[in-house]
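Results of the structural survey
Given next are the chains, with one letter for each unit.
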Amino acid sequence: MSNVAQNLKKVLADLPEGVRLVAVSKYHPLEVLREAYDAGQRIFGESHVQELRQKAELMPKDVEWHFIGHLQSNKVKYLAPFISLIHAVDTMKLLREINRQAERCERVIDVLLELHIAEEETKYGLTPDACRELLADGEWRDLHHVRIRGLMMMATYTDDQEQIRCEMKQAQDLFDELKQDYFADDDSFSERSWGMSHDYPIAIETGATLVRVGTSIFGEREY
Ligand SMILES: *Cc1c(COP(=O)(O)O)cnc(C)c1O
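Residue positions are given per chain, counting from 1 as you read along its sequence in written order. Residue-level local features of this predicted model are given only where pLDDT is at least 70; pairs of side-chain atoms are given and counted only at 80 or more, and the full residue set underlies all totals for whole chains, interfaces and linings. Water and hydrogen atoms play no part in the side-chain values, which are based on all heavy atoms of the structure.

1. Some details on a negative patch on the surface
Nonpolar side chains (Val, Leu, Ile, Met, Phe, Trp, Tyr) are joined into patches within 5 Å and like charges within 9 Å, using only residues with over 30% relative accessible area and no salt bridge. What sets the accessible areas is the Shrake-Rupley method with a 1.4 Å probe; for residues, cover comes only from the shown protein chains. Within this document, salt bridges are pairs made up of a side-chain nitrogen of Lys or Arg and a carboxyl oxygen of Asp or Glu, the two lying within 4 Å of each other. In this tally, Lys and Arg are treated as positive and Asp and Glu as negative; His is ignored, and so are the chain termini. Think of each charge as sitting on NZ of Lys, CZ of Arg, CG of Asp or CD of Glu. A cluster of acidic side chains, namely Glu 119, Glu 120, Asp 159 and Asp 160, defines a negative patch on the protein surface. For the purposes of this entry, the term helix denotes a DSSP run of H or I that reaches at least four residues, the term strand denotes a run of E that reaches at least two, and both are numbered from the N terminus. Topologically, Asp 159 is positioned in the loop between strand E6 (146-153) and helix H7 (161-182).

Have a look at this one:
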């Protein structure tokens with residue numbers, strides 16, 4: 001068995017039923033994606049549009065591609081024909097553009113709203129209050145070609161397990177609140193995307209349904 005296949009098997013063994021693995025293959029060459037594919041992996045996550053497009057062209061057609069990075073509105077059109085899930089939507093502008101491009105492709109595109117809970121400074125992600133406001137505003141209800149499937153977040157990069165747990169718990173609690181307030185009758189609002197190589201075990205304990213794991217499967221990235 002190849003290294004990648006062995007690593008994949010180890011990670012999968014940690015995942016309880018109901019938690020799906022997004023194999024984060026950014027910066028890794030096609031050969032290792034193929035190894036993961038041959039070992040049965042079908043969901044791959046990438047964070048650069050150009051790289052994802054190139055890989056999607058060369059990989060088998062039953063791969064489910066997830067875009068996990070920051071997406072610029074002007075690049076949505078390149079992903080709209082085939083993307084399975086866009087993890088990190090954090091503005092109405094982006095949501096509108098995804099809707100517009102999805103309509104042109106006669107599709108409905110699944111998305112997650114990205115939360116910013118971590119201590120780290122970043123331009124990206126919605127604070128819990130901004131997320132509440134976006135949904136309270138209601139415009140999203142008119143966008144019939146996007147479907148908000150849940151929430152995504154990245155915890156602070158730290159060794160402090162309690163801090164990570166606390167941040168993921170906040171995301172889990174916000175998910176429950178929004179589910180009750182806006183999606184009580186909508187089974188499709190069901191995804192919680194948190195957990196990476198160093199913290200996916202905590203993510204599993206705090207309700208993740210999708211973990212995004214790269215390094216533990218493919219090794220260190222070469223940028
Ligand atoms: C790169 C990346 C990951 C995977 O990180 P690893 O530490 O390699 O597991 C997960 N989520 C996002 C948003 C990423 O950009």
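2. Focus: the site of the ligand
A single heavy atom is enough: if one lies within 4 Å of a molecule or strand, its residue is considered near that molecule or strand. In the vicinity of the ligand, the contacting residues are Val 24, Lys 26, Ile 68, Met 152, Met 154, Met 196, Ser 197, Arg 212, Val 213, Gly 214, Thr 215 and Arg 221. Within 3.5 Å is the distance limit for a polar contact, defined as a pair of N or O atoms, with the added protein rule that one can donate a hydrogen and the other accept it, and that residues adjacent in sequence qualify only through two side-chain atoms. One nitrogen or oxygen atom from the side chain of Ser 197 is found 2.5 Å from an oxygen atom belonging to the ligand. Residues are said to line a cavity or pocket when one of their atoms sits within 4 Å of a point; the points come from a 1 Å grid over protein atoms alone, cavities being sets where a 1.4 Å probe fits but cannot get out and pockets being open sets with protein on both sides within 12 Å along at least five of seven lines. Each molecule is checked against the cavity or pocket grid, and it sits inside if more than half of its atoms lie within 2 Å of the grid points. The pocket occupied by the ligand, as judged from atoms lying within 2 Å of grid points, is the largest pocket. Residue type decides the class: Asp, Glu, Lys and Arg count as charged, Ala, Val, Leu, Ile, Met, Phe, Trp, Tyr, Cys and Pro as nonpolar, and the leftover types, Gly among them, as polar. Here the residues of the shell around the ligand are counted per class, giving six nonpolar, three polar and three charged.

3. Details of the pattern of salt bridges
Taken as a whole and judged by the stated rule, the model has 15 salt bridges. For Arg 20, the salt bridge identified is with Glu 64, shortest N-O distance 3.9 Å. Of the two residues, Arg 20 is situated in strand E1 (residues 20-24) and Glu 64 in strand E3 (residues 64-67); the sequence distance between them amounts to 44 residues. To sort residues, take the accessible area from a 1.4 Å probe on protein chains only and compare it with the maximum for the residue type: under 20% means buried, over 50% means exposed, and anything in between is partly exposed. We classify Glu 64 as partly exposed; its relative accessible area is 29%.

4. Let's talk about the pairing of E6
Taken across its eight residues, E6 has seven buried, putting it largely inside the fold. Of the crossover connections in this fold, the one passing from strand E5 (residues 109-115) over helix H6 (residues 128-137) to the parallel E6 is right-handed. Pairing analysis gives three bridges linking E6 to strand E7 (residues 191-193), with the strands arranged parallel. Bridge pairing in E7 places Leu 151 opposite Arg 192. Seen with the strands pointing away from the viewer, any crossover whose path from the first strand over the helix to the second strand runs clockwise is right-handed. Handedness of the crossover joining E6 and E7 through H7 is recorded here as right-handed. Any two strands with at least two DSSP-identified bridges between them are counted as paired.

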